[in-house]
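What follows is the residue order along each chain.
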Amino acid sequence: MDLQYFIELLFGGLTRGSIYALIALGYTLVYGIIGLINFAHGEIYMVGAFTALLVAGWLGYIGFPAGGILLVAALAAVAWTAAYGFTLEKVAYKPLRSAPRLSPLISAIGMSIFLQNYVLLAQTSDFVPFPDLVPEMPFLASLGDVMGPTDFLILVVSCTTMLVLVFWIRYTRTGKAMRATAQNRKMAMLLGINADSLISVTFIVGSALAALGGVLIASHMGQINFNIGFLAGMKAFTAAVLGGIGSVPGAVVGGLVLGIAESMTTGYLSGNYEDVLSFCLLILILIFRPDGILGKKQVQKV
Amino acid sequence: MQRIFKALVAALWFMVLCAPIMGLLLLPDGTASFRWQRLAVLGTGIFFASLLWQWYFEKKERGERLFGGKAQAEEPVHRESLLRNKSFQRISLACVCAFMIAMPFIPGINSIYQITIWISALIYVMLALGLNIIVGLAGQLVLGYAAFYAIGAYTYGLLYQFFGLGFWVCLPIAGIVTVLCGLALGFPVLRLRGDYLAIVTLGFGEIVRLVLINWDSVTNGARGVSGIPRPALFGCPMNMQWSTTYLYYMSFLAVVVTIVVITRLKNSRVGLALQAMREDEIASEAMGINLTQVKLTAFALSSAWAGFAGVLFAAKTSFINPSSFTFWESAMMLSMVVLGGMGSILGVTLGALILVLAPEYLRAFADYRMLLFGATMVVMMIFRPQGLVTGERRHYRISALERKGD
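Computed from a predicted model, the values in this text were never measured in an experiment. (Residues numbered from 1 in each chain as written. Chains lettered and ligands numbered in written order. Predicted model: local features only at pLDDT ≥ 70, side-chain atom pairs only at ≥ 80, totals over all residues. Heavy atoms only, no water.)

Caption draft 1: Seen up close, the overall build of chain B. Helices and strands together make up the secondary structure of chain B, namely 17 helices and four strands. Taking all 406 residues of chain B together, 47% fall into the buried category. Of the accessible surface of chain B, which amounts to about 20,400 Å², a share of 67% is contributed by carbon and sulfur atoms. (Helix = DSSP H or I, 4+ residues; strand = E, 2+ residues; numbered from the N terminus. Buried < 20%, exposed > 50% of the residue type's maximum accessible area, 1.4 Å probe, protein only. Areas by Shrake-Rupley, 256 points an atom, 1.4 Å probe, with all protein chains shown as cover.)

Caption draft 2: Spatial organisation of the pattern of salt bridges. Summed over the entire model, instances satisfying the criterion amount to nine salt bridges over all chains. We note a salt bridge from A:E262 to A:R16, for which the minimum N-O separation is 2.7 Å. Here the residue A:E262 occupies a position in helix α10 (residues 248-269), and A:R16 occupies one in helix α1 (residues 2-34), the gap between them amounting to 246 residues. For B:E281, the salt bridge is made with B:K295, and the minimal N-O distance between the two is 3.7 Å. Here B:K295 lies in helix α13 (residues 291-317) and B:E281 lies in helix α12 (residues 281-286), a separation of 14 residues in the sequence. In this structure B:E281 comes out as buried when scored by relative accessible area, which is 13%. What you see here is one network of salt bridges that share partners, running through A:E89, A:K90, A:R97 and A:D196. (Salt bridge = Lys/Arg side-chain N within 4 Å of Asp/Glu carboxyl O.)

Caption draft 3: Just the packing of helix α3 (residues 66-93) of chain A against helix α8 (residues 195-221) of chain A, in detail. Residues and elements named next belong to chain A. Two elements in contact, α3 and α8, have axes whose closest approach is 7 Å; the angle formed by their N-to-C orientations is 140 degrees. Overall, the two elements α3 and α8 adopt an arrangement that is oblique. Every pair of crossing elements has a handedness; the one defined by α3 and α8 is right-handed. In this structure, α3 contributes L70, A74, A77, V78, T81, A82, G85, F86, L88, E89, K90 and Y93 to the contact, and α8 contributes I199, S200, F203, I204, S207, A208, A211, L212 and V215. Tallied by class, the residues present in the contact of α3 with α8 amount to 15 nonpolar, four polar and two charged. (Axes fitted to C-alpha atoms, helices over the stretch in contact; angles between N-to-C directions. Parallel < 35°, antiparallel > 145°, perpendicular 65-115°, else oblique. Left-handed = near helix turned anticlockwise from the far one by under 90°. Contact = heavy atoms within 4.5 Å. Nonpolar A, V, L, I, M, F, W, Y, C, P; charged D, E, K, R; others polar.)

Caption draft 4: Examining the side chain of A:H41 more closely. Along the chain, A:H41 turns up in helix α2 (residues 41-61). Exposure remark for A:H41: the relative accessible area of 2% places this residue in the buried category.

Caption draft 5: Summary view of the domain arrangement of chain B. When the domains of chain B are assigned, the result is domain 1 (2-61) and domain 2 (91-383). Placing the centre of domain 1 of chain B and that of domain 2 of chain B at their C-alpha centroids yields a distance of 38 Å. (Domains from an automatic or database assignment.)

Caption draft 6: Layout of the confidence of the model for chain A. Of all residues in chain A, 94% attain a pLDDT of 70 or more, and the chain-wide mean is 84. Taken element by element, chain A is modelled with least confidence in strand β1 (residues 128-129) of chain A, mean pLDDT 80, and with most confidence in α8(A), mean pLDDT 89. (pLDDT = per-residue confidence, 0-100.)

Caption draft 7: Region of interest: a positive patch on the surface. Residues A:R170, A:R173, A:K176 and A:R179 make up a contiguous surface patch of positive charge. For A:R173, the position within the fold is in helix α6 (residues 173-183). (Patch = residues over 30% accessible without salt bridge, like charges linked within 9 Å, V, L, I, M, F, W, Y side chains within 5 Å. Lys, Arg positive; Asp, Glu negative; His and termini not counted. Charge placed at Lys NZ, Arg CZ, Asp CG, Glu CD.)

Caption draft 8: Focus on empty space enclosed by the protein. Inspection of every chain in the model, using the stated rule, returns two cavities of 30 Å³ or more. Considering the residues around the largest cavity, the lining is formed by 14 residues, among which A:Y27, A:F39, A:F230, A:G233 and A:M234 are closest to the centre. Put simply, the parts of the chain that give the lining of the largest cavity at least two residues each are α2 and α9 (228-243) of chain A. With five residues, the top contributor of residues to the lining of the largest cavity is α9(A). A breakdown of the residues in the lining of the largest cavity according to their chemical character gives eight nonpolar, five polar and one charged. Space inside the second largest cavity adds up to approximately 50 Å³. Sorting the residues of the lining of the second largest cavity by element identifies α6 (145-163), α8 (194-214) and α14 (327-340) of chain B as the ones contributing at least two each. Of the residues forming the lining of the second largest cavity, the biggest block, three residues, is contributed by α8(B). (1 Å grid on protein atoms, 1.4 Å probe; cavity = no way out; pocket = protein on both sides within 12 Å on 5 of 7 lines; lining within 4 Å. Points joined across faces, edges and corners; volume = space filled by probe spheres on them.)

Caption draft 9: Representation of the packing of helix α11 (residues 269-279) of chain B against α13(B). Residue and element names in this part refer to chain B. Following both chains from N to C, one finds α11 and α13 inclined at 105 degrees, their axes separated by 10 Å at the closest point. By the angle between their axes, α11 is roughly perpendicular relative to α13. For the pair α11 and α13, the contacting residues are V270, A273, L274 and M277 in the first and L291, V294, K295, T297 and A298 in the second. Grouping the constituent residues of the contact of α11 with α13 by class yields seven nonpolar, one polar and one charged.

Caption draft 10: Here's a closer look at the layout of surface pockets. In this structure, the second largest pocket spans a volume of roughly 830 Å³. Lining the second largest pocket are 31 residues, with A:M221, A:I228, A:L231, A:A232 and A:K235 positioned closest to its centre. Looking at the lining of the second largest pocket, the elements with two or more residues in it are α1, α8, β2 (223-224), α9 and α11 (274-288) of chain A together with α8 and α14 of chain B. Ranked by the residues each element gives to the lining of the second largest pocket, the list is headed by α1(A), at six residues.

Caption draft 11: Looking closely at the environment of A:F203. Residues and elements named next belong to chain A. Topologically, F203 is positioned in helix α8. Residues F203 and L284, 81 residues apart in the sequence, show an inter-C-alpha distance of 29 Å. Setting aside its immediate chain neighbours within four residues, F203 contacts V30, I34, N38, G85, L88, E89 and Y93.

Caption draft 12: Highlighting the side chain of A:N117. Mapped onto the elements of the fold, A:N117 is located in helix α4 (residues 102-122). Apart from the residues lying within four places of it in its own chain, the contact partners of A:N117 are B:M370 and B:L371.

Caption draft 13: Quick peek at the interface of chain B and chain A. Opposite the 55 residues of chain B that make contact, chain A presents 59 residues. Regarding the contact of chain B and chain A, the summed buried area is about 5,200 Å², with carbon and sulfur atoms giving 78% of it. Of all residues in chain B, B:I21, B:Y196 and B:I199 bury the most surface against chain A, accounting for 14% of the area lost on that side. On the surface where chain B and chain A come into contact, there are zero salt bridges. (Buried area = accessible area lost by both parts, 1.4 Å probe.)

Shown next as structure tokens:
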């Protein structure tokens, strides 16, 4: 019986962790290219969840076939959120590219406050129920409580996405250009890489991943409000730092480790201190091993 | 023509971008409505904003000033400005002081409600000035300042609740407690800088708040501590109006003390070391500044001020709970410092007063307050990163050398 409980917790942690990993990838990609912590990334994720909710509601209203709603809503959320990410970079970060480090950071915090309140004012401050759109999956019934259809969907979608991303970065031209820019932007530009458009691509991809995470977690949790981005963003950032910020496999590993750790704490200790755990973990890693599990050691030069 | 086209494209882009969240509204009965008007207003706004944006960046690219001709390659070190005129400074300072002292007696604005607003504005001035030590002078981005504020407030609240200690005893104790907490946070994060430091302090702020919520047996959880008394004047009982006025004067005095102390600090050895560290850590270390000591001093001083402000806050509201000390509180204090002008005492004071008083007196904008804060932070960083008032650095003028150079 104990083992059953453990497996349930493990899968709960994996589900949660893969969402963290999806969002953490956005942080890590952006950090790798321009060395900026995109504070507004959590809000991008929230915008993704809201777009999916609204589009799904609208599709239901005009009588779209129920089976396709989730897919269309998710695609719309990804497209719109990618556009948000693109605009965010153009408005808030691009003019500050040569400014001192503190400026883009403050601008990012400002953008995060702005986006939250934008959704709050344009929609509502209450929790909104997210429609249950995931189809029944009869073949999961034998697994019992271990995994529901939503968890299954989350695991499948996030694993596929991450694999695609890893291959994309490894083998395509854009991916290679991205890695080159992350290593040395000046050199990459000298070799004819258009850094501006590459940065835009990074933001678009990161935001699309966050939107996907938003849609998945919203159908898992069943309700969203304008404030979900803050905590999710912090957790995902913890995951990114845990794995080593700037490293793509690191973000995945960090997300999974964090998800499982949280799920175990909730299951065996107490749910009250779940968030405290991740914040403590974040502080401890930053102090003792700022390069993370898979990160590279950074040497500061004068 | 090309500009107008660009602006049109931008307007269309934003209209499409905001279509789902601003346009769509789901009604509880399952129907949906679309709000075209809002999008039209947004599009018009973006059109003009985009024209302005282009105009600004074109000018900037040509190296011109915003108004007037070309920017000079080197700004003259001493500009004759009104702000720097000594007698003007003295007169305006005297006027402001006179107004602040007379304020509780000016009919029309001396209701308890108004005075309370001014007390909270003064408390925020203190907080912003305290945060300015670490963010403005030392250049360390701290995002969890509300945690120290909370610790100060809870020190008073809990010491009163459990031991019945009064305001004047708790004030120094809160100072000591927050200094210790500041050192406890400052010591491990010595090696971190920039964004990592920001995240760690943010995490610290959240941990403090979560502990306050969850440690039910001591802090009373989310229900908070209530019935905290106001300070007494030599044991005389006072009615509401008088005790509010008394607290107002105390806050005013506290702000004056803060301003004097920080002005002195800024030009002291420690203050200069802090500013040197802000400009370049490695170079300042090479010049013989003990970074550990200087950074810890900054943390300790800065958190002490938050502690004092916390005690005043607890006395003002007589009720505290964890929801007064969220991340938004920290973000608001940071925006006061940033908008006012990092490092400038006048600027930070103005920033705090504007951010607290503007939403109170412009009730129509109260809903949009945080939205405007966020937007202002971004816009400020792009167009005027130094804030309302430029932080002035002490500079020496060696006239003999200058003459030789001419």
